[in-house]
Each structure stands twice: as C-alpha cells, then as structure tokens.
Amino acid sequence: SNEVGDVVLAGKLLALLPLPLMLFLSWIPLYRLDRLLKGSEWSMRGYLVFQARLVIGPVLGIIALLTLVDEGVHALPGVQKVLSRFPALEVLILLAMLVVLFLLSPVLLRLVWGTTPLPKGPLRDRLVALCDRAGVRVRDLLVWETFGGRFVNALVTGAVGSLRYVFFTRPLLDGLTPEETEAVLAHELGHARHRHLVWFFGFAVGLILLVAGVGELAGFGAGGASVAVLGLGLVVVYWSFLFLFASRRFEGQADLFSLRLIGSATPLASALLKVSALNGAPPGATSVTHGSIDDRVRFLARAQEDPLVVREFER
C-alpha cells in the first residue's frame, strides 16, 4: 500500500508540471520586453531563474507541502474511518494546514527567493531603529537579489514578529535615498501593525469556503450550468468588492502610517515616484490592488495638510 501511495503522490506532483512549463514559455518574450522597457541588464537565464523563484517556487512549495501533509494524515490508521463518520473534520484539517502554512510561509519565501540579511551599517541601524519606534517586531531585514533586473519592490511577510521579514530588492536599495527607504519601510510596517496579512489570509480562506460551498451545492443535485454560473458570479463579486476594495484601503492605511511615523509625506511620495520610474510604469497607471502612484501622492499631500482627510478615510 505504501508503494501505491507513493505512486499516487508522484502522480499528483507530476500533474503540476504543465503550470511551470506554460509560465516559462510566456516569460521568454517578456524577457526582451523587460530589457527594452525597463533597461534591465539581466541575462535570459537570470530572468528565468528570478521569475521561477518569484512565482513558481512559492506556489509549488505550498502545493507540495499541502499534498504531503494531506497524504500523511490520510495514511494514519483509523483516519479514513473517522473522516467517513465526521466529514466536517476534512475541512477542519484543511484549515489547520492552511494556518500552519500561513505562519511558516515567510521562512519558505526567504529560502525560495534566495535572500541575504541587510548588511550592518548606517542604513540597517536606521531601519532597525524605525522598527523599534513603530513598535513592530521584525525578525530580519533582507536583501532580495534580482540578477541585474530592475524589479523595484519591498514587502513584509509574517503574521507574528518572530517570523516576520521585510524584503527589499537590490534595485530599490540602490535607487532610493536612506530617507526614502525609511519611508518605504514605514509603509510596510503599517501593513504589519494593522494586521493586513491576517485579513488577506481570512479573505483567502473565505474564498476557499465559498468555492467549497458551491461544490456542495452541486453535490445536492443542482444543475451543473446554474451552479457554475452562480459560483463564478460569487467569486467575481467576492474578489471585486471585498479583496480589491480592501486591498486599496489597506494601501492607503499603510501610507498614512508612514506619514505619521516619518512626520512628512515627502519621503514616501518621492520614493513612490522613483519606484514607478525605475519599474518603467507611468505614475498615472492604475494598479489593481494599489491604485495609481499619482493618486497616492495626492492623497498623502492632502492628508498632511488636512487632518479631516485622515479622519474621513479612517471612518
């Protein structure tokens, strides 16, 4: 039976191969566009390795871990009998696995993305002091190498301080002044302080339960086409009016946190405009989850001049 289980597990993992293959094929033409539009200097190999680590690594890592844990749980003696009597336990086991993965995901990202700690020096001392001033515990500040690519970004991961990391890509550190980098970190700390990652995890779990509920509805004998339309409609509404709406509000809240912590909107506004230019994106271009840079810069200016803007936004 162990051999059969190994074959089934291997088959599940092999079924994931078409996804990375399609992504690799799509990245080949995008490589030349990236060099043309952004002036990136990475090689084809460097570009493909970076994209694979950025996109495929975390996805395959999470799916593989979920599959391994699921197979291990179901291989335990008596589990199948208990699950047949109490089907709801299957959902509870899945949710427990998702929570564990959510908590450990920062470690996975650090390993897959190939990061190194920000070197000791004036910049690191300045950023560590900012974390202390913000009251946000951070395990480490990490440099994210891009192999010559102009991928300018920063992000925070980790719902708990002992597993919380802040990532800075090398081009961001090279392209911003220490004051601007400090303002970017303050923005990321705002996400952590307001627990936006926990909210996003809740949205993801809610979407999973929503899809599972539609599947149960189909199991009760409802028409396949009508259930499919209902499921698609619910997902679109959920994604558009909850996730995307909340995501933009979270960005505004993190921008305000940076404004309060730094005491001026100028460093973050300047950093946002530089990041837009370095990434080869027009500042007026609308991002699905962030809004446009121009809108965020104007919002910061209004918030600094008029406290009523802040109170209205928060309300």
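Preceding this section is the structure that the text describes.
None of these values were measured; they are calculated from a predicted model. (Residues numbered from 1 in each chain as written. Predicted model: local features only at pLDDT ≥ 70, side-chain atom pairs only at ≥ 80, totals over all residues. Heavy atoms only, no water.)

J.: Help me understand the overall build of the protein chain in this model?
T.: The helix and strand tally for the protein chain stands at 13 helices and four strands. A burial count over the protein chain gives 39% of its 315 residues as buried. Sequence-distant contacts in the protein chain: of pairs separated by 6 or more residues, those separated by 24 or more amount to 72%. (Helix = DSSP H or I, 4+ residues; strand = E, 2+ residues; numbered from the N terminus. Buried < 20%, exposed > 50% of the residue type's maximum accessible area, 1.4 Å probe, protein only. Contact = heavy atoms within 4.5 Å.)

J.: Got a minute to help me understand empty space enclosed by the protein in this structure?
T.: With a probe scaled to a water molecule rolled over the atoms, the places where space remains empty come into view. One pass over the structure, following the stated rule, counts one cavity of 30 Å³ or more. Approximately 40 Å³ is the volume attributed to the largest cavity. Lining the largest cavity we find Gly158, Ala159, Arg164, His191, Ala192, Arg195, His196, Leu197 and Val198. The leading source of residues in the lining of the largest cavity is helix 9 (residues 196-219), at three residues. By residue class, the composition of the lining of the largest cavity is four nonpolar, three polar and two charged. (1 Å grid on protein atoms, 1.4 Å probe; cavity = no way out; pocket = protein on both sides within 12 Å on 5 of 7 lines; lining within 4 Å. Points joined across faces, edges and corners; volume = space filled by probe spheres on them. Nonpolar A, V, L, I, M, F, W, Y, C, P; charged D, E, K, R; others polar.)

J.: Where do I start with the pattern of salt bridges in this structure?
T.: A pair can form between side chains of opposite charge whenever their charged atoms are brought close. This structure, assessed with the given rule, holds eleven salt bridges. The salt bridge partner of arginine 124 is aspartate 140, with a shortest N-O separation of 2.8 Å. Of this pair, arginine 124 sits in helix 6 (residues 122-134) while aspartate 140 sits in strand 2 (residues 140-144), and the two are 16 residues apart along the sequence. We note a salt bridge from glutamate 182 to arginine 126, for which the minimum N-O separation is 3.4 Å. Linking glutamate 182 in helix 8 (residues 178-193) with arginine 126 in helix 6, this pair joins segments that are 56 residues apart in sequence. One salt-bridge network, in which partners are shared between bridges, spans Arg126, Glu179 and Glu182. (Salt bridge = Lys/Arg side-chain N within 4 Å of Asp/Glu carboxyl O.)

J.: What should I look at first to understand the environment of proline 282 in this one?
T.: Looking at the element boundaries, proline 282 is found in the loop between helix 11 (266-278) and helix 12 (293-305). The exposure class of proline 282 is exposed, given its relative accessible area of 54%. Considered as a pair, proline 282 and aspartate 294 are twelve residues apart in the sequence and their alpha carbons are 9.1 Å apart.

J.: Even after reading the chapter, I still don't get the layout of surface pockets, so can you show me in this structure?
T.: Computed from the structure, the second largest pocket encloses a volume of approximately 270 Å³. Every element with two or more residues in the lining of the second largest pocket is listed here: helix 10 (224-262) and helix 12. In terms of residue count, the dominant contributor to the lining of the second largest pocket is helix 10 (six residues). Residues of the lining of the second largest pocket, tallied by class, amount to three nonpolar, four polar and seven charged.

J.: Teacher, can you tell me more about helix 13 (residues 307-314) here?
T.: Think of an α-helix as turning once every 3.6 residues; residues three or four places apart then point the same way. Three or more residues of helix 13 are buried, namely Val309, Val310 and Phe313. Looking straight down helix 13, one finds that the buried residues subtend no more than 100 degrees of arc, so they occupy a single side. Its side-chain oxygen 3.0 Å from the backbone nitrogen of leucine 308, aspartate 306 forms the N-cap of helix 13. (Arc of directions from axis to C-beta. Polar contact = N/O pair within 3.5 Å; in protein donor to acceptor, adjacent residues only side chain to side chain.)

J.: In this structure, what is going on with the pairing of strand 4 (residues 165-169)? I would like to understand it.
T.: For a regular strand, the rule is simple: side chains alternate between the two faces of the sheet. In terms of burial, strand 4 is largely enclosed, as five of its five residues are buried. Judged by which residues are buried, strand 4 turns out to be covered on both faces: Tyr165, Phe167 and Thr169 on one side and Val166 and Phe168 on the other are all buried. Pairing geometry for strand 3 (residues 154-157) and strand 4, over four bridges, is antiparallel. Across the sheet, residue threonine 157 finds its bridge partner in strand 4, namely tyrosine 165. (Pairing = 2+ DSSP bridges.)

J.: In this structure, what is going on with the packing of aromatic side chains? I would like to understand it.
T.: When we look at a pair of aromatic rings, we describe it by the centre distance and by the angle of the planes. Applying the stated criterion across every chain, the model contains 15 aromatic pairs. Relative to phenylalanine 167, the ring of tryptophan 144 has its centre 6.2 Å away and its plane inclined at 70 degrees; by these criteria the two rings are edge-to-face. Taken together, the positions of tryptophan 144 in strand 2 and phenylalanine 167 in strand 4 put the pair 23 residues apart, joining distant regions of the chain. For the pair formed by tryptophan 144 and phenylalanine 167, the shared burial category is buried. Where phenylalanine 200 meets phenylalanine 203, the ring centres are 6.1 Å apart and the plane angle is 75 degrees; that geometry is what we call edge-to-face. On the criterion of helical spacing, the pair formed by phenylalanine 200 and phenylalanine 203 is a turn pair, its members being three residues apart in helix 9. Under the relative-accessibility criterion, phenylalanine 200 is labelled partly exposed at 23%. Exposure remark for phenylalanine 203: the relative accessible area of 10% places this residue in the buried category. (Phe/Tyr/Trp six-rings, centres within 6.5 Å; stacked < 30°, edge-to-face > 60°.)

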